[in-house]
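Residues per chain, in single letters:
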Amino acid sequence: MNRLFVAYKPSGIGSNLFLSKLKRKYKTKKAGFSGTLDPFAKGVLLIGIGSYTKLFRFLDKTPKVYRATLWLGAKSDSLDTEMIEEVDILKEFDEADVLNVIKSLQGELEYEPPIFSAKRIDGQRAYDLARAGKEFTLNKISSTIYETKLISYCHPFVTFEATVSEGTYIRSLGLIAANRLGVKYGSLSALERLNEGQFKYCDEKPLDIKKSLNIKQNYYYGQNDNLKYGRVLALDDLEIKEDGYYWLDSGSFISIINVANKDVNYELGRIEC
């Protein structure tokens, strides 16, 4: 069975364990997800079953939208409620100041990712090293913050939404916002991913793969058996001849091809629709 759909992962469960539950639900052994969510976080998780697991990199998954609640004054190495060490009691801020800080996050942002993250250090995940008490440093990363919205401010909690590029750490955004308010510590008390690009949760309804790809459809005017049996394709038989990735429709299946330097190569095997 081939299937592409958006699931909703609850908080308190890892993405891999959640995927195992979906495999049992759909009675399949071959399934995968795109865009890991920490156990702390909840929200949309893009799921592929069967050969559709090969298509994640060709899907339009950005920008991503998150809703987060920042707990001002809460100190946690994980930047969430998992490892709260202490909480500073703070005076209430003017809502206008909070709004200005949330808006100030927009644009290109360079920052340090959380030490409790999936970043790899010499082959090991940063969160494994952090839990083991080992010292290490993470290189700064850059993210694009397309839009931010203040949803509510109920001291000491600030709820905001952020539309961001792939790979953005919302927990770090929360700490940056706290620091810009003059607060030393800040951790998320809630985090939800609302969508990945065009993909939103809709009761796990199957998605139309042809409408989900973020590469152009090309048209092949040679013999259809060449596609059916994976034979070499001639550039002159394609409608679009410029370099790039394309998908070809053969009715019951699609093919992903890569046009480069006047050569046509199959990027993936035949994908049944």
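Higher on the page you've got the structure.
Residues numbered from 1 in each chain as written. Predicted model: local features only at pLDDT ≥ 70, side-chain atom pairs only at ≥ 80, totals over all residues. Heavy atoms only, no water.

J.: I tried to follow the overall build of the protein on my own but got confused; where do I start?
T.: The number of helices and strands found in the protein is 6 helices and 18 strands. For the protein, the C-alpha atoms occupy an extent of roughly 75 × 40 × 40 Å along the three principal directions. Burial analysis of the protein (273 residues in total) assigns 48% to the buried set. Working note: accessible area of the protein is about 14300 Å², and carbon and sulfur atoms make up 46% of it. If the 39 positive side-chain charges of the protein are averaged to one point and the 36 negative ones to another, these points end up 7 Å apart. (Helix = DSSP H or I, 4+ residues; strand = E, 2+ residues; numbered from the N terminus. Buried < 20%, exposed > 50% of the residue type's maximum accessible area, 1.4 Å probe, protein only. Areas by Shrake-Rupley, 256 points an atom, 1.4 Å probe, with all protein chains shown as cover. Lys, Arg positive; Asp, Glu negative; His and termini not counted. Charge placed at Lys NZ, Arg CZ, Asp CG, Glu CD.)

J.: In this structure, what is going on with the environment of Val232? I would like to understand it.
T.: The residue Val232 is located in the loop between helix H6 (224–228) and strand S15 (244–249) in this model. Assessed through its relative accessible area of 75%, Val232 is described here as exposed. Residues Val232 and Gly186 lie 46 residues apart in sequence; the distance between their C-alpha atoms is 57 Å.

J.: Mind showing me how you'd approach the nonpolar core here?
T.: Of all hydrophobic cores here, the largest spans 43 residues; its most connected members are Ile47, Leu70, Val158, Ile170 and Leu191. Among the elements that take part in this core, helix H4 (residues 170–180) stands out by supplying 5 residues, more than any other. Ignoring any residue separated from it by four or fewer positions in sequence, one finds Ile47 in contact with Arg3, Leu4, Phe5, Ala7, Leu19, Leu22, Gly32, Phe33 and Phe56. Among the nonpolar cores identified, the runner-up in size contains 18 residues, and Leu46, Tyr52, Trp247 and Leu268 belong to it. (Core = buried A, V, L, I, M, F, W, Y, C linked by side-chain atoms within 4.5 Å. Contact = heavy atoms within 4.5 Å.)

J.: What is the right way to read the environment of Val87 from this model?
T.: Considering the arrangement of structural elements, one finds Val87 in strand S6 (residues 84–87). Given a relative accessible area of 35%, Val87 falls into the partly exposed group. Between the C-alpha atoms of Val87 and Leu4, which are 83 residues apart in sequence, the distance is 43 Å.

J.: Could you clarify how one ought to interpret the pairing of strand S2 (residues 31–34) in this entry?
T.: Across a regular strand the side chains alternate sides, sitting on one face of the sheet and then on the other. Every second residue of S2 is oriented toward a common face, with Ala31 and Phe33 on one face and Gly32 and Ser34 on the other, all of them buried. Where S2 meets strand S3 (residues 42–49), 4 bridges bridge the pair, whose relative direction is antiparallel. When the bridges of S3 are listed, Gly32 appears paired with Gly48. (Pairing = 2+ DSSP bridges.)

J.: Even after reading the chapter, I still don't get the side chain of Ser76, so can you show me in this structure?
T.: Counting through the fold element by element, Ser76 comes out in strand S5 (residues 74–76). Side chain to side chain, Ser76 and Ser78 meet in a polar contact 3.0 Å long. When near neighbours in sequence (up to four residues on either side) are disregarded, Ser76 contacts Met83, Ile84 and Ser187. (Polar contact = N/O pair within 3.5 Å; in protein donor to acceptor, adjacent residues only side chain to side chain.)

J.: Any chance you could explain the pairing of strand S1 (residues 3–9) here in plain terms?
T.: With 6 of 7 residues buried, S1 lies mostly within the body of the structure. For S1 and S3, the ladder comprises 7 bridges, and the chain directions are antiparallel. When the bridges of S3 are listed, Lys9 appears paired with Gly43.

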